[in-house]
Amino acid sequence: MVIDACHEERADQRPRLPVRRAFTLGVVGLLTAAGVLTLSGTASAASTLGGAAAAKGRYFGAAVAANHLGEGQYAATLDTEFNAVTPENEMKWESVESSRNSFNFGAADQIVSHAQGKSMKIRGHTLVWHSQLPGWVGGLGATDLRSAMNNHITKVMQHYQGKIYAWDVVNEAFQDGGSGARRSSPFQDKLGDGFIEEAFRTARAADPNAKLCYNDYNTDGQNAKSNAVYAMVKDFKARGVPIDCVGFQSHFNSQSPVPGDYQQNLQRFADLGVDVQITELDIEGSGSAQADSYRRVTQACLAVSRCTGITVWGIPDKYSWRASGTPLLFDDNYGKKPAYDAVLAALGGSGGGDGGGGGGRSCTVSYAETQRWGDRFNGQVTVRAGSSAISGWTVTVTLRSAQTVSATWNGSPSWDSSGKVMTMKPNGNGNLGAGASTSFGFTVMANGDWSAPTIGSCTAS
């Protein structure tokens, strides 16, 4: 099965919200009713994806959407777990130059500023691509198109000069299938094969210090498409065309799994004298099978000395371009999935969520709605220690945009600047023996939205 090449076109559509069942329970004792959310997290000064990758001399990044940065748990997970970002749509041609030579960098600047504030690497995505291209570009003649392409590369790269670690200069320029031919696009059709070389030379002149990458999908194993990209890169290196890296998008599912020769394919490109990067990783599935695939990808990167980093295409499943396939490392409630644990372990880190079954200090949480009135409802979160005693716990509760909390009990709350993310800590009920539980509660003023709040994973101490 061919992976859809046009996922970025759908990435900026309104994400499909997860279905959550509202519980109208008259008694607290029904916490184990079907549909109760159970999340887990572990204790201590646990390693993070970015921290563990950095210890291996690599980055671990995520694709980021500017319109989610105001969401407390989204930003907190990004800031805690990752040390690199790629703007998901905000640097694409239609976003920054929707009309000729009129540039709007507002949303992209927001991501860059956030990342710089957290000392994260930034990958620029993408300068020349056949998709998400404003209509005026395709209507140009060859001479005007060449001028517009070079102007776009130059203006965008100069705007971010010194801030971008690596650019996807050209994206998805080769066809799928067995031909190894170039993809039809305004650039290919009007400028010919030389447009890729010209784009890279223009990019080098615009920012001599940024890494310049070619990026594509379905090139993860050796096949006609990856062979054609390989031949181009080999030719570029032989002739001194400036190319520093090759990006492998790595979108996998059961019909298009991680290739058996994935590591070998990365290595043959690295042997040409370029870095290799896993740029848009997501793997549909769940449980141990998904975790094993993520582990194999991570191990492959670590085994290739010139594999400089991994980027996953999103943070929680609900914001993925293929959310129904649950392809990311965090679930809809930002709980760490088995795939997260597998990646962290492969990176040599520790502290992934073990669901209370591991030897370290850990805790899980479950949520239930316990009572409802005409304008409000009560929610209760039960915190349960894992296989070892804990001395404290922390749980986040994220409200819907219309909701407010009017009362809390059995916990000490604090709030983020938005007033929508409550961080709850113990109020005399932090010490729990192995397997023991406690609870805290809150009253939510619905204001028309009766959806369950999002309960974050539990962090034990």
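1. Examining the overall build of the protein
Thinking step 1. The helix and strand inventory of the protein stands at 13 helices and 19 strands.
Thinking step 2. A buried classification covers 57% of the 461 residues belonging to the protein.
Thinking step 3. Residue pairs at least 24 apart in sequence account for 77% of intrachain contacts in the protein once pairs closer than 6 positions are excluded.
Thinking step 4. Accessible area of the protein: about 17000 Å², with a carbon and sulfur share of 47%.

2. Looking at the packing of helix H7 (residues 142–159) against helix H9 (residues 194–206)
Thinking step 1. The geometry of H7 relative to H9 is characterised by a closest axis approach of 9 Å and an angle of 35 degrees between their N-to-C directions. The interaxial crossing formed by H7 with H9 has right-handed handedness. Contact with H7, carried on its side by Arg 146, Met 149, Asn 150, Ile 153, Thr 154, Met 157 and Gln 158, involves Phe 195, Glu 198, Ala 199, Thr 202, Ala 203 and Ala 206 of H9 and no other residues of that element.
Thinking step 2. Tallied by class, residues from the contact of H7 with H9 come to 7 nonpolar, 4 polar and 2 charged.

3. Observations concerning the state of the cysteines
In a disulfide, the sulfur atoms of two cysteines are covalently bonded to one another.
Thinking step 1. In total, this model carries 3 disulfides according to the counting rule given.
Thinking step 2. Here Cys 301 pairs with Cys 307 through a disulfide, and the sulfurs are 2.1 Å apart. On the S-S bond that ties Cys 301 to Cys 307, the torsion sits near -100 degrees, and the link is left-handed.
Thinking step 3. On the accessibility criterion, Cys 301 (1% relative accessible area) is buried.
Thinking step 4. In the protein, the cysteines engaged in disulfides, taken in order along the sequence, are linked 1-2, 3-4, 5-6.

4. A look at empty space enclosed by the protein
Thinking step 1. On inspection of all chains with the given rule, the structure shows 4 cavities of 30 Å³ or more.
Thinking step 2. Estimates place the volume of the largest cavity at around 70 Å³.
Thinking step 3. Every residue lining the largest cavity is counted, 13 residues in all, and those nearest its centre are His 130, Glu 172, Ala 173, Ser 185 and Phe 195.
Thinking step 4. The set of elements that each furnish at least two residues to the lining of the largest cavity consists of strand E4 (121–129), strand E5 (166–171) and helix H8 (186–191).
Thinking step 5. Split by residue class, the lining of the largest cavity holds 6 nonpolar, 5 polar and 2 charged.

5. Here we look at the nonpolar core
Thinking step 1. Judged by nonpolar contacts, the single largest core of 93 residues is most densely connected at Phe 60, Trp 167, Val 170, Phe 200 and Leu 329.
Thinking step 2. Leaving out residues up to four positions away in the same chain, Leu 329 has contacts with Leu 49, Phe 60, Tyr 294, Val 312, Ile 315, Gly 335, Lys 336, Lys 337, Ala 339, Tyr 340 and Val 343.
Thinking step 3. Among the nonpolar cores identified, the runner-up in size contains 23 residues, and Ala 385, Trp 393, Leu 432 and Ala 446 belong to it.

6. Points about the side chain of Ser 439
Thinking step 1. Mapped onto the elements of the fold, Ser 439 is located in strand E17 (residues 437–445).
Thinking step 2. When neighbours within four sequence positions are excluded, Ser 439 is seen to be in contact with Gln 380, Val 381, Thr 382, Asn 410 and Asn 429.

7. Some details on the confidence of the model for the protein
Thinking step 1. On average, residues of the protein score 87 in pLDDT, and 88% of them are at 70 or above.
Thinking step 2. Scored below 50 in pLDDT, residues 1–46 shows 125 contacts in the model against residues more than four places distant or in partner chains.

8. Some details on unusual backbone geometry
Thinking step 1. At the junction of His 125 and Thr 126, the peptide bond is cis and its omega measures out at -5 degrees in the coordinates.
Thinking step 2. Checked against the element boundaries, Thr 126 lands in strand E4.
Thinking step 3. Although it is not a glycine, Ser 250 adopts a positive phi angle of roughly 65 degrees.
Thinking step 4. In this fold, Ser 250 is placed in the loop between strand E7 (245–248) and strand E8 (251–252).
Thinking step 5. You can call Ser 250 buried: its relative accessible area is 0%.

9. Some details on the packing of helix H11 (residues 262–270) against helix H12 (residues 287–303)
Thinking step 1. Across the interface, H11 lies against H12 with an axial gap of 9 Å and an inter-helix angle of 30 degrees. The orientation of H11 with respect to H12, classified from their angle, is roughly parallel. Between H11 and H12 lies a crossing of right-handed hand. Of the residues in H12, those touching H11 at Tyr 262, Gln 263, Leu 266 and Gln 267 are Val 297, Ala 300 and Ala 303.
Thinking step 2. Considered class by class, the residues forming the contact of H11 with H12 number 5 nonpolar, 2 polar and no charged.

10. Topic: H7
Thinking step 1. Over its 18 residues, H7 runs 26 Å from end to end, which matches the ideal 26 Å to within 8%, given 1.5 Å per residue.
Thinking step 2. Every buried residue of H7 is accounted for by Leu 145, Ala 148, Met 149, Asn 150, His 152, Ile 153, Val 156 and Met 157.

11. Quick notes on the environment of Leu 328
Thinking step 1. Looking at the secondary structure, you find Leu 328 in the loop between strand E10 (307–312) and helix H13 (338–346).
Thinking step 2. Sequence separation between Leu 328 and Leu 281 is 47 residues; the distance between their C-alpha atoms is 8.4 Å.
Thinking step 3. The residues touching Leu 328, leaving out its near neighbours within four places in the chain, are Leu 281, Asp 282, Gln 290, Tyr 294, Trp 313, Gly 314, Ile 315, Pro 316, Asp 317, Ser 320 and Lys 337.

12. Some remarks on the pattern of salt bridges
Thinking step 1. The tally for this structure, following the rule as stated, stands at 21 salt bridges.
Thinking step 2. Notably, a salt bridge pairs Arg 100 with Asp 144, separated by 3.7 Å at the nearest N-O pair. Of the two residues, Arg 100 sits in the loop between helix H4 (93–96) and helix H5 (106–117) while Asp 144 sits in helix H7, which places them 44 residues apart along the sequence.
Thinking step 3. Arg 100 gets classed as partly exposed once you look at its relative accessible area, which sits at 39%.
Thinking step 4. Given the relative accessible area of 38%, Asp 144 is considered partly exposed.
Thinking step 5. Note that Arg 201 and Glu 197 form a salt bridge whose closest N and O atoms lie 3.1 Å from each other. Of the two residues, Arg 201 and Glu 197 both sit in helix H9, 4 residues apart, roughly one turn of that helix.
Thinking step 6. Look at the salt bridges and you will find they share partners, linking Glu 197, Arg 201, Asp 235 and Arg 239 into a network.

Analysis parameters
- Residues numbered from 1 in each chain as written.
- Predicted model: local features only at pLDDT ≥ 70, side-chain atom pairs only at ≥ 80, totals over all residues.
- Heavy atoms only, no water.
- Helix = DSSP H or I, 4+ residues; strand = E, 2+ residues; numbered from the N terminus.
- Buried < 20%, exposed > 50% of the residue type's maximum accessible area, 1.4 Å probe, protein only.
- Contact = heavy atoms within 4.5 Å.
- Areas by Shrake-Rupley, 256 points an atom, 1.4 Å probe, with all protein chains shown as cover.
- Axes fitted to C-alpha atoms, helices over the stretch in contact; angles between N-to-C directions.
- Left-handed = near helix turned anticlockwise from the far one by under 90°.
- Nonpolar A, V, L, I, M, F, W, Y, C, P; charged D, E, K, R; others polar.
- Disulfide = S-S within 2.5 Å.
- 1 Å grid on protein atoms, 1.4 Å probe; cavity = no way out; pocket = protein on both sides within 12 Å on 5 of 7 lines; lining within 4 Å.
- Points joined across faces, edges and corners; volume = space filled by probe spheres on them.
- Core = buried A, V, L, I, M, F, W, Y, C linked by side-chain atoms within 4.5 Å.
- pLDDT = per-residue confidence, 0-100.
- Parallel < 35°, antiparallel > 145°, perpendicular 65-115°, else oblique.
- Expected span 1.5 Å × (residues − 1).
- Salt bridge = Lys/Arg side-chain N within 4 Å of Asp/Glu carboxyl O.

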